[in-house]
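Residues per chain, in single letters:
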Amino acid sequence: VIDVNPYVDLISHDKSTINQLGTTDTFNFVEAFANNVKGLRFFNGARALVFASSNIDSTVLSVKHCSFHRTTSYAIDTRGLTESGHMSAFVDISNCQFSLCSKAVRNVCDKMVFRNSWIYLFMNNFKPNSAAIMNAKGQLILDSIIGVPNLGSLNPFWGTTTRVDNTRWIDNYNGDLIAYR
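As the structure is a computational prediction, the values presented were derived from the model and not from experiment.

Even after reading the chapter, I still don't get the overall build of the chain, so can you show me in this structure?
When you go through the chain residue by residue, the secondary structure sums to zero helices and 18 strands. Over its C-alpha atoms, taken along the principal directions, the chain stretches across nearly 55 × 35 × 30 Å. Expressed as a percentage of its 181 residues, the buried residues of the chain come to 45%. Long-range contacts, defined here as pairs at least 24 residues apart, represent 70% of the contacts in the chain between residues at least 6 apart. As displayed, the chain offers around 8700 Å² of accessible surface, 53% of which is attributable to carbon and sulfur atoms. For the chain, the separation between the mean place of its 16 positive charges and that of its 14 negative charges on side chains is 8 Å.

Where do I start with the pattern of salt bridges in this structure?
Side-chain pairs of opposite charge can arise where the charged atoms are in close proximity. On inspection of all chains with the given rule, the structure shows seven salt bridges. For Lys64, the salt bridge goes to Asp92, with nearest N and O atoms at 3.6 Å. Taken together, the residues span a long stretch of sequence, with Lys64 in strand β8 (residues 59–64) and Asp92 in strand β11 (residues 87–94) at a distance of 28 residues. With its nearest N and O atoms 2.6 Å apart, the salt bridge here joins Asp171 to Arg168. For Asp171, a relative accessible area of 10% puts it in the buried group. Residue classification places Arg168 among the partly exposed residues on the basis of a relative accessible area of 32%. Bridged by salt links that share partners, the residues Asp25, Arg47, Asp77 and Arg106 form one connected network.

Just checking my understanding: could you explain the environment of Thr162 for this structure?
Within the secondary structure, Thr162 is located in the loop between β16 (138–150) and β17 (168–172). Taking the relative accessible area as the measure of exposure, Thr162 reaches 60% and is therefore exposed. Separated by 124 residues in sequence, Thr162 and Lys38 have C-alpha atoms that sit 37 Å apart.

Help me understand the nonpolar core, please; the structure alone is not making it clear to me.
Taken as a class, soluble globular proteins show a tendency for nonpolar side chains to be buried jointly. Within the largest apolar cluster, 42 residues are counted, with the highest numbers of intra-cluster contacts made by Val37, Leu49, Phe51, Val63, Phe68 and Phe98. Looking at this core element by element, the count peaks at five residues for strand β14 (residues 109–122).

Explain the side chain of Ser67 to me, please; I cannot follow it from the model alone.
As for its position among the elements, Ser67 is in strand β9 (residues 67–69). Sequence-distant contacts of Ser67, that is, excluding residues within four places in its chain, are made with Leu40, Arg41, Phe42 and Gln97.

Got a minute to help me understand unusual backbone geometry in this structure?
Trans peptide bonds make up the majority, and among non-glycine residues the majority have a negative phi. In this model, Asn44 sits at a positive phi of 65 degrees, which is unusual for a non-glycine residue. Relative to the elements of secondary structure, Asn44 occurs in the loop between β6 (41–43) and β7 (49–53). Positive phi is not limited to glycine here, since Asn95 has a value of about 55 degrees. Note on Asn95: relative accessible area 35%, which makes it partly exposed.

The rules behind these values
- The numbers attached to residues start from 1 for each chain and follow its sequence in the written order.
- Whole-chain, interface and lining totals are the exception, using all residues; otherwise, since this is a predicted model, local features are given only for residues with pLDDT of at least 70 and side-chain atom pairs are given and counted only at 80 or more.
- Side-chain metrics in this entry use all non-hydrogen atoms of the structure; hydrogen atoms and water are not considered.
- Secondary structure counts use DSSP, requiring at least four H or I residues in a row for a helix and at least two E residues in a row for a strand, with both numbered from the N terminus.
- When a residue's accessible area, from a 1.4 Å probe over protein chains only, is under 20% of the maximum for its type it is buried; when over 50% it is exposed; and in between it is partly exposed.
- Only heavy atoms enter the contact rule, under which two residues are in contact if any of them lie within 4.5 Å.
- Areas reported as accessible are Shrake-Rupley estimates using a 1.4 Å probe. Residue values count occlusion only from the protein chains shown.
- In this tally, Asp and Glu contribute negative charge and Lys and Arg positive charge; neither His nor the terminal groups of the chain are included.
- Just so you know, the charge point we use is NZ for Lys, CZ for Arg, CG for Asp and CD for Glu.
- Here, a salt bridge means any side-chain nitrogen of Lys or Arg that lies within 4 Å of a carboxyl oxygen of Asp or Glu.
- What makes a nonpolar core is a set of buried Ala, Val, Leu, Ile, Met, Phe, Trp, Tyr and Cys residues whose side-chain atoms join them at distances within 4.5 Å.

Quick look at the structure:
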């Protein structure tokens, strides 16, 4: 795990690849405040990006033009470090790809906008009884998200396969969910 301070941006202009060889998180933004992540490719590990904060009221975070592959938990996770678990922040995620990740995004922030992105789920890496996106607190706005699930099938054309039990696209707890297109 690499800890990142509140004012550091991670930006690549040539799609640099970060391959997490272990089973831990890749980047932990400690007391996230004004961080931008742009143009990176993340492979493996538990969570690629963890934004955590003790509720600084003007936190703005951005993840753009990134791709996430084969994470074993949420590729992008937000965590409030106070007793309530809430994180006072605005998060903008756009033009990202999530491929073969166990889960895509978890929101505990005031507002998260997740747009123009692609999520591809596959049965070998998606856990039963779970959702690709979790809105645990705050407002989550989904805009132009493409979701492609391959969670097993009983289709005779492909043959009988085992289907992952009780899967969902979105779990919404204690928050507002708005979806467009």
